[in-house]
Each structure stands twice: as C-alpha cells, then as structure tokens.
Amino acid sequence: MNSFFKLALYSIGSLVFGPALAIYLTFFGDFYTLSLKYEFLQIISDDWDIVLHFGLFWIGFYCMLSMLYEYRKIKNKAPKLDWWQTEVIYQIYVRSFFDSDNDGSGDLRGIIQKLDYVKSLGIRAIWITPIYPSGGKDGGYDVTSLTEIDPLYGSMNDFDELVNEIHKRDMYLLLDFIPNHTSNLHHWFKESSKNQWCRLEV
C-alpha cells in the first residue's frame, strides 16, 4: 500500500478515534450515563463499557503512532538516484586495451570489438581516457586539439561508430575531457604566450 495513502488513513484514524474518546469521556463518562438517555444502550454491560474505553484509546493511539511512522518513512525516503550514481563504470586506457589492427597500440575499434564482453561483466558505462591528439609527454593529457581524434586510436568515423554501438547496448560513454590545461603545442597555448602578461621569464 502506498505510504501516502497509509499516512492519510492513519491521520483520519487519529483524528476520528482520538477526539471520539475524548468527547465520550468528557461528556458521558460511561455507558450507564448514556443508557439513562438512550434505552437501547441498556443492553450493553459494564464489561463492554470497559472494552469501548480501551478500544477507542488503543485504536487512536495505534493510528497516531502509525501516522508518525509513515511520515518519517516519507520524510527520510532516499532520493531517486541517476544512472551515474548507481551503475558500474569501467575505465578503459585505450592505448593498452585492445589492438584491432596489430600496430602495437589499442584503438577505438578494439573497444568496439570488446563491447559485448565488457557488458557481460555487468558494466553499464565506459569511461575512456583521452583520445585527442597530444604532445606525447603526459599520457594523452597534454592535449593539442579537443575536437579531433588522435590517428593512433582511429578516426572520427570510428568514434561515431563506437558511440552508436554503445547506445545499441543501452550503455553510456564518458569521455575524459581536460578543459583546464593543454599541451604547449595547442593553438590556445601558443596564442596566450603571445600576450605580454602571460610570458614567462626564463
């Protein structure tokens, strides 16, 4: 049963049975007093009077505690998590993963060929290390262009195919994007070094 429905149900129970008991005890006290006014209540014994007292009390008390419990469940309900918070993410260092053309270096087509294997491990997302052209001094992190594919790993067509094949398998692809620094061979770096305020005295 839905927690919101339970909360509403127990709230109604608390509001009905709690005040009912209070009104009954305040204005009538017991069945004997009521039976003086309503003859049909004369058939109810004193034992049933006690049952009514305790019955109303415990029903109201139970509804009140249940209402508080359901409220805490709703309040403390864990937020819905996105896929990147719940799925297994597998990092691939492209250069050493799988070499599809036997040139001594892993490549994008090598990842494509191994996608079924990776998925069979329970992997839902693949994070690949930089595949951009680089100066070759920092494991691919000294990027010379953020909009191209290093020929060592393949072409833009290979990358497009990789994206399509990953999506066909209901998987995700994460790129290792490095926006805060580049290679000294990047045109941004070369242009910035022309600025007199950015020149370093050696």
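Structure first, text after, so check above.
Residues numbered from 1 in each chain as written. Predicted model: local features only at pLDDT ≥ 70, side-chain atom pairs only at ≥ 80, totals over all residues. Heavy atoms only, no water.

(A) Region of the structure containing the pairing of strand β2 (residues 125-128). Where strand β1 (residues 89-92) lies against β2, four bridges are found, and the strand directions are parallel. Bridged to I92 within β2 is I128. The pairing of β2 with strand β3 (residues 172-175) spans four bridges and is parallel. Following the sheet pairing, I128 is matched in β3 by L175. Of the crossover connections in this fold, the one passing from β2 over helix α8 (residues 156-168) to the parallel β3 is right-handed. (Pairing = 2+ DSSP bridges. Helix = DSSP H or I, 4+ residues; strand = E, 2+ residues; numbered from the N terminus. Right-handed = clockwise from strand over helix to strand, strands pointing away.)

(B) Quick peek at the packing of aromatic side chains. One pass over the structure, following the stated rule, counts one aromatic pair. Arranged with centres 3.8 Å apart and planes meeting at 5°, the rings of W83 and Y172 form a pair that is stacked. Linking W83 in helix α4 (residues 83-86) with Y172 in strand β3, this pair joins segments that are 89 residues apart in sequence. The class of Y172 is partly exposed, set by a relative accessible area of 26%. If you follow K114 out to its NZ or CZ, it ends over the ring of F98, 4.8 Å from the centre. (Phe/Tyr/Trp six-rings, centres within 6.5 Å; stacked < 30°, edge-to-face > 60°. Buried < 20%, exposed > 50% of the residue type's maximum accessible area, 1.4 Å probe, protein only. Lys NZ or Arg CZ within 6 Å of the ring centre and 35° of its normal.)

(C) Quick peek at the environment of S96. Summarising the element assignment, S96 is placed in helix α5 (residues 94-97). Each C-alpha atom, one on S96 and one on D107, is 8.4 Å from the other, the two residues being 11 residues apart in sequence.

(D) Highlighting the side chain of E165. Its place among the elements puts E165 in helix α8. Sequence-distant contacts of E165, that is, excluding residues within four places in its chain, are made with I112 and L115. (Contact = heavy atoms within 4.5 Å.)

(E) Looking closely at the nonpolar core. Among the nonpolar cores identified, the biggest contains 18 residues, and L108, I111, I126, I128, I131 and L162 are the most heavily contacted of them. Ranked by residue count, the leading element in this core is α8, at four residues. Those residues within four positions of L162 in sequence are excluded, and the remaining contacts are L108, I111, I112, L115, I128 and L173. (Core = buried A, V, L, I, M, F, W, Y, C linked by side-chain atoms within 4.5 Å.)

(F) Layout of α8. Between its first and last C-alpha, α8 extends 18 Å over 13 residues, near the 18 Å set by a 1.5 Å rise per residue. Along α8, the positions that sit buried rather than exposed are D158, F159, L162, V163, E165 and I166. For α8, the elements touching its buried residues are α6 (108-113), α7 (115-120), β2 and β3. Two residues or fewer after α8 comes D170, characterised by a positive phi angle close to 60°. (Expected span 1.5 Å × (residues − 1).)

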